[in-house]
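# Structural overview for review
If you want the building blocks of each chain, they are given just below.
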Amino acid sequence: MPELPEVEVTRRGLICAVGKTVTAAAVRIPRLRDPVPDFAGLLPGLRLASLERRAKYLIWHFEDQQGMPAGTIVSHLGMSGFWRVWPSPAPAPRKHDHVDLVFGDVTLRLNDARRFGSMRWTTGDPYAEKPLCDLGPEPFSEALTPLGFWQALQKTRRSIKETLLAGSAVVGCGNIYCSESLFAAGILPTRSASSLTKKEAARLLTEIRRILAEAIASGGTTLRDFHGPDGSDGYFALDCQVYGREGEACPKCGRLIVRIVQNGRSSFCCPGCQK
Ligand SMILES: [Zn+2]
């Protein structure tokens, strides 16, 4: 499943369309998770002014020919979605190629086998509307301080693992990144979030940022075929220290990594290194 780093790498792959005007669009499916708007009627003639990311959403801002805001797509990859960039004309669509956005000489194509992705259209301020208005802070935002992160952790009775997954204190920690960042910070996933000291919260935030940044950087190299016809589906494997390594030796202390289940989700941790 695509996580924040994949979405950020995807955004970087798609910014080749920023500044270009939509010349055609095709929607081959009535709905993904939600109904897909009539992009063939909405978009041609509009210019993609910017492409932003917020958590795992891409925010596509379009302008009219006078440079006035015309509307915004808020898209999500769901469980299995990925975008590809083709030189126009793109080849005949293959199975699950549901949406094409044609920007003259490049075509952006969405493939989504499981159809849990979404593409919404709004003419309002997308950041003031659901789902974006409900999201926790971005991990790389300067507005997210160690103290602010610690304060957010004080507000819940849940475990630190569940709190990170919920995304209220910071977005971007899916199941893998939870296990990896808690291991790197030396914190057991079962600890209550409110039990973290300011120092522990600061260390955890540092590790979350480091691990997400490394994943984005490695994705940039893994995805060097992003523009080619035979690239992978765009997801990349993180070089995990503990995730998926139950029964293997901890890379720091040699004790065996254990798997625990919290709220139906697996956590991997080292009982020697994590307190
Ligand atoms: Zn260990």
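Parameters at a glance
Residues numbered from 1 in each chain as written. Predicted model: local features only at pLDDT ≥ 70, side-chain atom pairs only at ≥ 80, totals over all residues. Heavy atoms only, no water. Helix = DSSP H or I, 4+ residues; strand = E, 2+ residues; numbered from the N terminus. Rg over C-alpha atoms; globule rule 2.2 N^0.38 Å. Buried < 20%, exposed > 50% of the residue type's maximum accessible area, 1.4 Å probe, protein only. Domains from an automatic or database assignment. Lys, Arg positive; Asp, Glu negative; His and termini not counted. Salt bridge = Lys/Arg side-chain N within 4 Å of Asp/Glu carboxyl O. Polar contact = N/O pair within 3.5 Å; in protein donor to acceptor, adjacent residues only side chain to side chain. Core = buried A, V, L, I, M, F, W, Y, C linked by side-chain atoms within 4.5 Å. Contact = heavy atoms within 4.5 Å. Disulfide = S-S within 2.5 Å. Pairing = 2+ DSSP bridges. Axes fitted to C-alpha atoms, helices over the stretch in contact; angles between N-to-C directions. pLDDT = per-residue confidence, 0-100.

## Side note on the overall build of the chain
The helix and strand inventory of the chain stands at six helices and ten strands. Here the C-alpha radius of gyration of the chain, 20 Å, is about what a compact globule of 275 residues would show, namely 19 Å. Based on the C-alpha atoms only, the size of the chain along its principal axes is roughly 60 × 35 × 30 Å. Taking all 275 residues of the chain together, the buried fraction comes to 49%.

## Points about the domain arrangement of the chain
Taken domain by domain, the chain holds domain 1 (4-134) and domain 2 (146-269). Computed from C-alpha atoms alone, the centre-to-centre distance between domain 1 and domain 2 is 28 Å.

## Observations concerning the side chain of Glu 180
Inspection of the secondary structure assignment puts Glu 180 in helix α5 (residues 175-185). Nearest to the buried, unbridged Glu 180 among oppositely charged side chains is Arg 245, at 6.3 Å. At 2.9 Å, the side chain of Glu 180 forms a polar contact with the backbone nitrogen of Val 242. Looking at Glu 180, its side chain comes within polar contact range of the main-chain nitrogen of Tyr 243, at 2.8 Å.

## Thoughts on the nonpolar core
Counting residues in each nonpolar core, the largest one holds 27 residues, and the members touching the most others are Phe 39, Trp 60, Phe 62, Trp 83, Leu 101 and Phe 103. Taken together, the elements giving at least two residues each to this core come down to α1 (4-14), β2 (47-54), β3 (57-63), β5 (81-87), β6 (97-103) and β7 (106-112). With near-sequence residues (within four places) excluded, Phe 103 lies in contact with Ala 17, Lys 20, Thr 21, Val 22, Thr 23, Leu 48, Phe 62 and Leu 108. Leu 144, Ala 193, Ile 208 and Leu 212 belong to the second largest nonpolar core, which has 24 residues in total.

## A word on the state of the cysteines
As enumerated under the stated definition, the model contains zero disulfides in all. Cys 178 takes part in no disulfide bond, and the closest cysteine sulfur to it belongs to Cys 173, at a distance of 5.1 Å. Judged by relative accessible area, Cys 178 falls into the buried class, the value being 0%.

## Comments concerning α5
Residues spaced three or four apart along an α-helix face the same direction, because each turn holds 3.6 residues. Among the eleven residues of α5, ten are classified as buried, and the element is accordingly described as predominantly covered. Regarding α5, the residues found buried are Asn 175, Tyr 177, Cys 178, Ser 179, Glu 180, Ser 181, Leu 182, Phe 183, Ala 184 and Ala 185. In the stretch just after α5, Gly 186 is the one whose phi turns positive, near 75°.

## Focus on the sheet that holds β6
Note on sheets: strands pair through backbone hydrogen bonds, and any given pair is parallel or antiparallel. Spatially, β1-β6-β7-β5 is the arrangement adopted by the four strands of the open sheet, whose pairing is antiparallel. Lying at the two open borders of the sheet, with one neighbouring strand each, are β1 (24-27) and β5. Sheet twist, expressed as the mean angle between neighbouring strand axes with direction ignored, is 15°. Alignment of β1 against β6, held across four bridges, turns out to be antiparallel. Residue pairing across strands places Ala 26 opposite Asp 100, the latter belonging to β6.

## Some details on the confidence of the model for the chain
Residue-level pLDDT values for the chain average 92, and 93% of them are 70 or greater. Here residues 222-234 scores under 50 on pLDDT; set against residues more than four positions off or in separate chains, the count is 22 contacts.

## Notes on the pairing of strand β4 (residues 69-76)
With respect to burial, β4 is a largely interior element, six of its eight residues being buried. In this sheet, β4 lies alongside β3 in antiparallel orientation, the contact comprising seven bridges. By the bridge assignment for β4, Trp 60 is matched with Ile 73. Turn length for the β3-β4 hairpin, with the two strands adjacent in sequence and antiparallel, is five residues, and the turn residue Gly 67 shows positive phi of about 80°. Note that β4 and strand β8 (residues 118-122) share five bridges and pair antiparallel. Bridged to Ile 73 within β8 is Trp 121.

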